[in-house]
Amino acid sequence: MNKPKPFAISKQVVWEAYLRVKANDGAAGVDGASITEFERDLKGNLYKLWNRMSSGSYFPQPVRMVEIPKPDGQGVRVLGVPTVADRIAQTVAKQYLEPQVEPIFHPDSYGYRPGRSALQAVAVCRERCWKADWVIDVDIRAFFDTLDHELVLRAVRKHTDQKWILLYVERWLKAPMQREDGTLAARERGSPQGSAISPLLANLFLHYAFDKWMERSFPHIRFERYCDDVVVHCISEQQARDVRDAIAQRLAECRLEMHREKTRIVYCKDDDRRGHYEHERFDFLGYCFRPRLSTSRNGKHFVNFTPGISDEAAKAIRRTIRGWRLDERSDKTLGDLARMFNVIVQGWINYYGRFRKSALRAPLRPLNGYLARWANRKYKRLRRHRHRAQEFVANVARREPNLFAHWRLGLRPDGWAMGAG
């Protein structure tokens, strides 16, 4: 007779966790094994993982350090990539823990939560900027790198009596980081970005460190939080200064640090708000909130404080488009190029086109220039004839206006300049 396992973990939940990890794909961890390699003995690997988790003998491998350049070019963001097996194990724990904590989370917390999105946070932020004159754009210094393990475990302990969840969360938090040269870096604090359970732990930590504290300390002040990205709305500059200082003190109590240089008090200037202030714009979730010239339903022009794609996000789009090297893909047809890149472009349109869609024209306009260069290389009759190549692409757009996602947005190459930028 089989001896009962110390921890009751459902095999079905392990299977569902595997399906989620497979859907998310992702890079290999320190063992070099991809999801495809894990699947070569899928039944055996899943059983082994379940058996170890259920018996308490599961220990995660080190996480693989991956350095990603920050979009603003200032330094790198360090990701920690767990192995496939560890990602599945973390997803198992998440599936048990999330239903316990999700109902208690604050309504103004939007990051990595079922049924919530960044665009919802941007929409709510826009509405509140119209009602309150001032914003605190909060920046927490190196949040994921400095999370206090003791406080994270204390928060988890409040919401589960499953000892195995606490046991494994602690092991995941303390799993060392393996550098590219193979050396290991011990971790006494922080939760690596790239981990399947890190966003849930971060939300749970900030629920107590920030959301509940704001609710108690400043019940009438509204905010939006997307993981560690926070915007707070105030009715006066003095209130904004007082609340900013209180937030800094609260973060310090929770062993975090407010980045004083990057945390800004912003004046939400529009036609009804006179005067000037040092900061009159801020970025939030890929959108830049700033005064913009708008048109009313009656055709009247006015200045409105509203979001549009941020400069940083627009630069990232241009950089990505350049990296596609469309003009060098002369072995492909236009239909091939559309199939290869439409999903990505449509994703940009769906996200950044939700507010101030016209701001997307500038970063997407170079696509037509690259298509004209592609035609230059593809067809001998068009070589060294830039305008003929442009007209060729324009004629295709007239015949097939829905071929490319940006054409469907209205950025067709007939009627405006096509510089490749």
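It should be noted that the structure appears before, not after, this text.
In this convention, every chain numbers its residues from 1, walking through the sequence in written order. Thresholds applied to this predicted model are a pLDDT of at least 70 for local features of residues and 80 or more for the giving and counting of side-chain atom pairs; totals over whole chains, interfaces and linings are not thresholded and use all residues. Hydrogen atoms and water are omitted, and side-chain values are computed over all heavy atoms in the structure.

*Asks:* If you had to explain the packing of aromatic side chains to someone new, which residues and values would you point to?
*Replies:* Centre-to-centre distance and the angle between the planes together describe a pair of aromatic rings. Aromatic pairing here means that ring centres of Phe, Tyr or Trp (its six-membered ring) are within 6.5 Å. Orientation follows from the plane angle: under 30 degrees is stacked, over 60 is edge-to-face, and everything else is tilted. Taken as a whole and judged by the stated rule, the model has 26 aromatic pairs. Ring geometry for tyrosine 287 and phenylalanine 355: centres 5.6 Å apart, planes at 75 degrees, overall edge-to-face. In this pair, tyrosine 287 sits in strand E10 (residues 287-295) while phenylalanine 355 sits in the loop between helix H12 (334-352) and helix H13 (361-364), placing the two residues 68 residues apart along the sequence. When accessible area is computed with a 1.4 Å probe and restricted to protein chains, residues below 20% of their type maximum are described as buried, those above 50% as exposed, and intermediate ones as partly exposed. By relative accessible area, tyrosine 287 is classed as buried at 0%. Here phenylalanine 355 falls in the buried class, since its relative accessible area comes to 7%. A helix here means a DSSP run of H or I that spans at least four residues, while a strand means a run of E at least two residues long, and both kinds are numbered starting from the N terminus.

*Asks:* Can you tell me about the side chain of asparagine 304, naming the residues and giving the values?
*Replies:* By the secondary structure assignment, asparagine 304 is in strand E11 (residues 301-309). A residue is classified by how much of its surface remains accessible, and asparagine 304, at 15% relative accessible area, is buried. Polar contact criterion, stated in full: a pair of N or O atoms within 3.5 Å, where within protein one must be able to donate a hydrogen and the other to accept it, and residues adjacent in sequence count only if both atoms are side-chain atoms. Within polar-contact distance, the side chain of asparagine 304 engages the side chain of tryptophan 130 at 3.3 Å.

*Asks:* Please set out the sheet that holds strand E5 (residues 184-185) residue by residue, giving values where relevant.
*Replies:* The strand order across the open sheet built from four strands is E2-E1-E4-E5, with neighbouring strands paired in mixed fashion. The open sheet has two free edges, formed respectively by strand E2 (76-81) and E5, since each of these has just one partner strand. Should DSSP find at least two bridges between two strands, the strands are regarded as paired. Relative to E2, strand E1 (residues 63-69) runs antiparallel, the two sharing six bridges. Its bridge partner lying in E2, proline 69 is registered against valine 76.

*Asks:* I'd like a rundown of the side chain of serine 195, residues and numbers included.
*Replies:* Checked against the element boundaries, serine 195 lands in the loop between E5 and helix H9 (198-217). By relative accessible area, which is 9% here, serine 195 ends up buried. Of the polar contacts made by the side chain of serine 195, one reaches the backbone nitrogen of isoleucine 197; its length is 3.3 Å. The residues contacting serine 195, other than those within four sequence positions of it, are Gly80, Pro82 and Gln90. A contact between two residues is defined here by any heavy atoms of the two lying within 4.5 Å.

*Asks:* Describe the packing of helix H1 (residues 11-24) against helix H4 (residues 84-101), listing the residues and the values that go with them.
*Replies:* Where H1 contacts H4, the axes come no closer than 8 Å and their chain directions differ by 120 degrees. The angle between H1 and H4 places the two elements in the oblique class. Crossing geometry of H1 relative to H4 is assigned as right-handed. Where H1 approaches H4, its residues Val13, Val14, Glu16, Ala17, Tyr18, Arg20 and Val21 are matched on the opposing element by Val84, Arg87, Ile88, Thr91, Val92, Gln95 and Tyr96. All amino acids are sorted into three groups, where Ala, Val, Leu, Ile, Met, Phe, Trp, Tyr, Cys and Pro are nonpolar, Asp, Glu, Lys and Arg are charged, and the leftover types, Gly among them, are polar. Looking at the contact of H1 with H4, its residues break down into nine nonpolar, two polar and three charged. Lines fitted to the C-alpha atoms define the axes, with helices restricted to the stretch that makes contact. Angles between their N-to-C directions range from 0 to 180 degrees. For classification, angles of less than 35 degrees are called roughly parallel, those exceeding 145 degrees roughly antiparallel, those between 65 and 115 degrees roughly perpendicular, and all remaining angles oblique. Should the near helix be turned anticlockwise from the far one by less than a right angle, the crossing is left-handed, and should it be turned clockwise, the crossing is right-handed.

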